[in-house]
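Next come the chains, spelled out residue by residue.
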Amino acid sequence: MKVDQFNKRILITGGAGFIGSHVVKYFVHQHPEIFVVNCDLLTYAGNLSNLKEIETAPNYGFEKQDIRDLNAIQTVFNQYKITDVIHLAAESHVDRSIESPTDFISTNVLGTVNLLLAAKEYWKNSMNSHRFYHVSTDEVYGSLGETGKFTETTSYDPRSPYSASKASSDHLVRAFHHTYQLPIVISNCSNNYGPYQFPEKLIPLMINNILHQKELPVYGQGLNVRDWLWVGDHVSAIHRIFFNGQDGETYNIGGNCEMKNIDLVNLLCQIVDSALNRPDGSSKQLIRYVKDRAGHDLRYAIDASKIKEKLSWEPSMDLEQGLKITVDWYLQNTEWLNQIVNGEYQNYYQRHYSKRNELQY
Ligand code: NAD
Ligand code: DAU
């Protein structure tokens, strides 16, 4: 089937990552009338085995490309006649941005500009019938004290190289809307959790360490607060915004589930102990308070009333329930986890993909 027989051809960037793989699978399953092109460089965070269940679907294509390469992105637009973009590709881990900020600027800032330039050029004669959806983070708003929440009008105050790079990309997306009338929409969301999250982030890292009875490193005193959003709820919000969001608007997405890190780690210990029939309290003994993250933001919290009022979207998952489902998933998918720990996951592209890269122009 030719790609122009589909109603839309959506370019999803970063579709082999954690959130992106959930978004790709949802669109491929729910919208057989839409062709989804997943463009991902497969950095350490990209894992094509996340997408096994849809890799042969007739409305799915994969392109191993670097968004920092403008020519490569323009080629993808031309080959697939891209009608819309959902942009998730990014360097996403705050600790890595502290160690090595340059990659965050090149991918998150330059990569986003390349996508904006390619869309502006390719859609120049039909701007109004397209959509460029930029997926961003609540970290652009900075850090909160004990009270208050981020709204869409909170001033930007990014404080890590990661959040500064995401803030910069948000500004560029808005600048392309203002200057060139590129049809855009942005969402800023809180901390996602759920299956397929790379085990460098707090929740899967802790689950993996509890499983292997390794120490559980809690930064500082563990008093930092995050608002946890079930990845499935994030996907449903993205879907709603993509189809119903207002051109040029920003929507905050939150889970309504604030928790201090130390309370979260204790809860995870309890859930894993119970799932593995370990004596209650045994995993908590693995907790170690370690050196704090440099510039560690104290608290994030989202006021998601705009998306509730305008688009009738609300998060559905209770945090404890979501953590139990997540723990069960990691316990049932130890092979997925082991392949990351031993690096084997990075061979998936060579083994399954390089031979069957059938472009459908
Ligand atoms: P992730 O790190 O799991 O995945 C990122 C993906 O982008 C990977 O598949 C990686 O291979 C790809 N990628 C990186 N550099 C690339 C490049 N130069 N060219 C093409 N592909 C490249 O990230 P995630 O946690 O799924 O986050 C996805 C998006 O959502 C990011 O934009 C992030 O800023 C945003 N976000 C994440 C969270 C969260 O809690 N994880 C919260 C708010 C916003
Ligand atoms: O708020 C949205 C952001 O959430 C996203 O934009 C980022 O891409 C995503 O990585 C996440 O950022 P955080 O820095 O909040 O997530 P992380 O899982 O790295 O850390 C969550 C909290 O746990 C944070 O306060 C730091 C702390 N932490 C983290 C790790 C990895 C620890 O105490 N120990 C750890 O080992």
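Residues numbered from 1 in each chain as written. Chains lettered and ligands numbered in written order. Predicted model: local features only at pLDDT ≥ 70, side-chain atom pairs only at ≥ 80, totals over all residues. Heavy atoms only, no water.

Student: Would you take a moment to explain the overall build of the protein for this structure?
Tutor: Of regular secondary structure, the protein possesses twelve helices and twelve strands. In summary, the protein has a C-alpha radius of gyration of 20 Å against a globular reference of 21 Å for 361 residues, a match within 12%. Projected onto the principal axes, the alpha-carbon positions of the protein cover approximately 65 × 45 × 40 Å. The buried share of the protein, taken over its 361 residues, is 56%. Total accessible area on the protein is roughly 15,300 Å²; 46% of this is exposed by carbon and sulfur atoms. Separation of charge centres in the protein, based on 34 positive and 41 negative side chains, amounts to 3 Å. (Helix = DSSP H or I, 4+ residues; strand = E, 2+ residues; numbered from the N terminus. Rg over C-alpha atoms; globule rule 2.2 N^0.38 Å. Buried < 20%, exposed > 50% of the residue type's maximum accessible area, 1.4 Å probe, protein only. Areas by Shrake-Rupley, 256 points an atom, 1.4 Å probe, with all protein chains shown as cover. Lys, Arg positive; Asp, Glu negative; His and termini not counted. Charge placed at Lys NZ, Arg CZ, Asp CG, Glu CD.)

Student: What should I look at first to understand the site of ligand 2 in this one?
Tutor: The immediate surroundings of ligand 2 are formed by 23 residues, with Thr-137, Asp-138, Tyr-162, Arg-293 and His-296 found nearest. At 2.6 Å from an oxygen atom of ligand 2 is found a side-chain nitrogen or oxygen belonging to Tyr-162. For ligand 2, whose unbound accessible area comes to 700 Å², protein coverage reaches 94%. Take the shell around ligand 2: its biggest share by element is three residues, from strand S8 (residues 216-219). Grouping the amino acids of the shell around ligand 2 by side-chain chemistry returns nine nonpolar, eight polar and six charged. (Near = heavy atom within 4 Å. Polar contact = N/O pair within 3.5 Å; in protein donor to acceptor, adjacent residues only side chain to side chain. Nonpolar A, V, L, I, M, F, W, Y, C, P; charged D, E, K, R; others polar.)

Student: Explain the side chain of Ser-21 here, please?
Tutor: Its place among the elements puts Ser-21 in helix H1 (residues 18-30). Polar contacts involving the side chain of Ser-21 include one to the main-chain carbonyl oxygen of Gly-17, which spans 2.8 Å. At 2.9 Å, the side chain of Ser-21 forms a polar contact with the backbone oxygen of Phe-18. If sequence neighbours within four positions are ignored, Ser-21 has contacts with Gly-14, Gly-15, Ala-16, Asn-50 and Leu-51. (Contact = heavy atoms within 4.5 Å.)

Student: Just to check I follow, could you spell out the site of ligand 1 for this structure?
Tutor: For ligand 1, the set of nearby residues contains 29 residues, the closest of which are Ile-19, Asp-40, Ser-92, Tyr-162 and Lys-166. Side-chain polar atom of Lys-166 to an oxygen atom of ligand 1: 2.7 Å apart, as the coordinates give it. Within the complex, 96% of the 840 Å² of free accessible area of ligand 1 lies under protein. For the shell around ligand 1, the elements supplying multiple residues, two or more each, are H1, strand S5 (131-137), helix H5 (161-180) and strand S7 (191-193).

Keep in mind that these numbers describe shape and distance, not what the molecule does.
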